[in-house]
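# Structural characterization, general
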Amino acid sequence: MPGNTSGPLIAPSILSADFARLADAAAAVNGADWLHVDVMDGHFVPNLTIGLPVVESLRAHTALPMDCHLMIENPGRWAPGYAEAGAYNVTFHAEATDDPVAVARDIRAAGARAGLGIKPQTPLERYLEILREFDTLLIMSVDPGFGGQAFIAEVLTKVRTARRFIDATGLTILVEIDGGINEDTIEQAAEAGVDCFVAGTAVYHTDDPAAAVERLRRRAAAASAHLHR
Ligand code: DX5
Ligand code: ZN
């Protein structure tokens, strides 16, 4: 997996882009590392976005690895389909299933990396022992459902715990953070040990999304430069 040795990964979230022009939104950030795609079902979160047909269509219009973030109920039923549609990484929420390991194995069997997402209020400790089943750990730094919310700095405690555990155990899982990441918040997240940074508003609500990605990358790289991995 890229990340731990190759510097911070930036994953623009198209949730903040123009949904009528998603192919253009992807092209606007072709220097980014992943394209973050927020799938919401109106049940797990109080918002409804896009689903499998859009991911399948978008796949043909971007070379960026697609990082699908499923904020949905019953991920066991739906998550493997996103892998089959060509997603690079498929993250589902720990709160949405009683058997996250089974879902992760099905995602991997379908050809994608598997990600475990946890909401800001969800403790990390109970999931440490199953991290070996995952390729990414997505720590939400806002309550899932909407872009443009304020960063919840308290979740950095979980980032530090995850970082220590991962480094001590030699796992290759990437730590991803999602919500309220911008030029003011990315440094503290990088210092805490995040590998991959999702940013929606801070990328797409600017005049130049590509330049915004590069600014975020530089800030994260500078802040994490002293960390020994
Ligand atoms: C929120 C989504 C995020 C969202 C982040 O539930 O998971 O990916 O797009 O948006 P910003 O960066 O605006 O907080
Ligand atoms: Zn997301």
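Where an unreviewed UniProt entry is consulted, the chain appears under the name Ribulose-phosphate 3-epimerase, with the organism given as Mycobacterium botniense. What UniProt states about the chain under its Sequence similarities (unreviewed entry) heading is, verbatim, "Belongs to the ribulose-phosphate 3-epimerase family." Heading Pathway (unreviewed entry) of the UniProt record for the chain holds this comment: "Carbohydrate degradation."

Moving on, we come to the nonpolar core. Nonpolar side chains in soluble globular proteins tend to end up buried together. Residues Ile-14, Val-90, Ile-107, Leu-116, Ile-177 and Phe-197 are the most contacted members of the largest nonpolar core, which totals 68 residues. Residue contributions to this core peak at 5 residues, all from helix H5 (residues 156–169). Apart from the residues within four sequence positions on either side, Ile-107 is in contact with Ala-79, Ala-83, Val-90, Phe-92, Ala-112, Arg-113 and Ala-114. Counting residues in each nonpolar core, the second largest holds 7 residues, with Leu-9, Tyr-88, Leu-174 and Cys-196 among its members.

What follows concerns the coordination of the zinc ion (ligand 2). Protein coordination at the zinc ion (ligand 2) comes from His-36 (NE2), Asp-38 (OD), His-69 (ND1) and Asp-178 (OD), with a distance range of 2.0 to 2.2 Å. Classification of the site at the zinc ion (ligand 2) as octahedral follows from its 6 donor atoms and the range of 71 to 172° in their angles at the metal. Sequence spacing among the residues donating to the zinc ion (ligand 2) works out to H-x1-D-x30-H-x108-D. Of the two residues, Asp-38 sits in strand E2 (residues 35–40) while His-69 sits in strand E3 (residues 66–71), which places them 31 residues apart along the sequence.

Quick look at the site of ligand 1 now. Close to ligand 1 lie 20 residues; Ser-13, Gly-145, Asp-178, Gly-180 and Thr-201 are nearest. Residue Gly-180 places a main-chain N or O atom 2.8 Å away from an oxygen atom belonging to ligand 1. Summarising the interface, the protein chains cover 99% of the accessible area of ligand 1, which totals 380 Å² for the free molecule. At the level of secondary structure, the elements contributing two or more residues to the shell around ligand 1 comprise E2, E3 and strand E8 (196–199).

Attention now goes to the sheet that holds E2. Across the sheet, 8 strands lie side by side as E1-E8-E7-E6-E5-E4-E3-E2; this open sheet has parallel pairing. Each having just a single partner strand, strand E1 (9–12) and E2 make up the two edges of the open sheet. Each strand axis lies, on average, 25° off the axis of its neighbour in the sheet, ignoring direction. With 5 bridges joining them, strand E4 (residues 89–93) and strand E5 (residues 113–118) adopt parallel strand pairing. Across the sheet, the residue bridging to Asn-89 is Arg-113, located in E5. Sheet strands in contact with helix H8 (residues 209–224) are E1 and E8, and its direction is about 145° off that of E1.

For the rest of this paragraph, the subject is the side chain of Asp-38. Among buried charged residues, Asp-38 stands out as having no salt bridge; its nearest opposite-charge side chain is Lys-119, 14 Å away. Among the polar contacts made by the side chain of Asp-38, one reaches the side chain of His-36 at a distance of 2.9 Å. A polar side-chain atom of Asp-38 sits 3.1 Å from a polar atom in the side chain of His-69. In this structure Asp-38 touches Ser-13, Leu-15, Thr-49, Ile-50, His-69, Met-71 and Asp-178, once residues within four positions along its chain are discounted.

What counts and how
- Residues numbered from 1 in each chain as written.
- Chains lettered and ligands numbered in written order.
- Predicted model: local features only at pLDDT ≥ 70, side-chain atom pairs only at ≥ 80, totals over all residues.
- Heavy atoms only, no water.
- UniProt positions renumbered as here; feature names shortened; annotations may be inferred.
- Core = buried A, V, L, I, M, F, W, Y, C linked by side-chain atoms within 4.5 Å.
- Buried < 20%, exposed > 50% of the residue type's maximum accessible area, 1.4 Å probe, protein only.
- Helix = DSSP H or I, 4+ residues; strand = E, 2+ residues; numbered from the N terminus.
- Contact = heavy atoms within 4.5 Å.
- Donors = N, O, S within 2.8 Å, 3.2 Å for Na, K, Ca; no water.
- Tetrahedral: all angles 85-135°; square planar, octahedral: opposite > 155°, others 65-115°.
- Near = heavy atom within 4 Å.
- Polar contact = N/O pair within 3.5 Å; in protein donor to acceptor, adjacent residues only side chain to side chain.
- Areas by Shrake-Rupley, 256 points an atom, 1.4 Å probe, with all protein chains shown as cover.
- Pairing = 2+ DSSP bridges.
- Axes fitted to C-alpha atoms, helices over the stretch in contact; angles between N-to-C directions.
- Lys, Arg positive; Asp, Glu negative; His and termini not counted.
- Salt bridge = Lys/Arg side-chain N within 4 Å of Asp/Glu carboxyl O.

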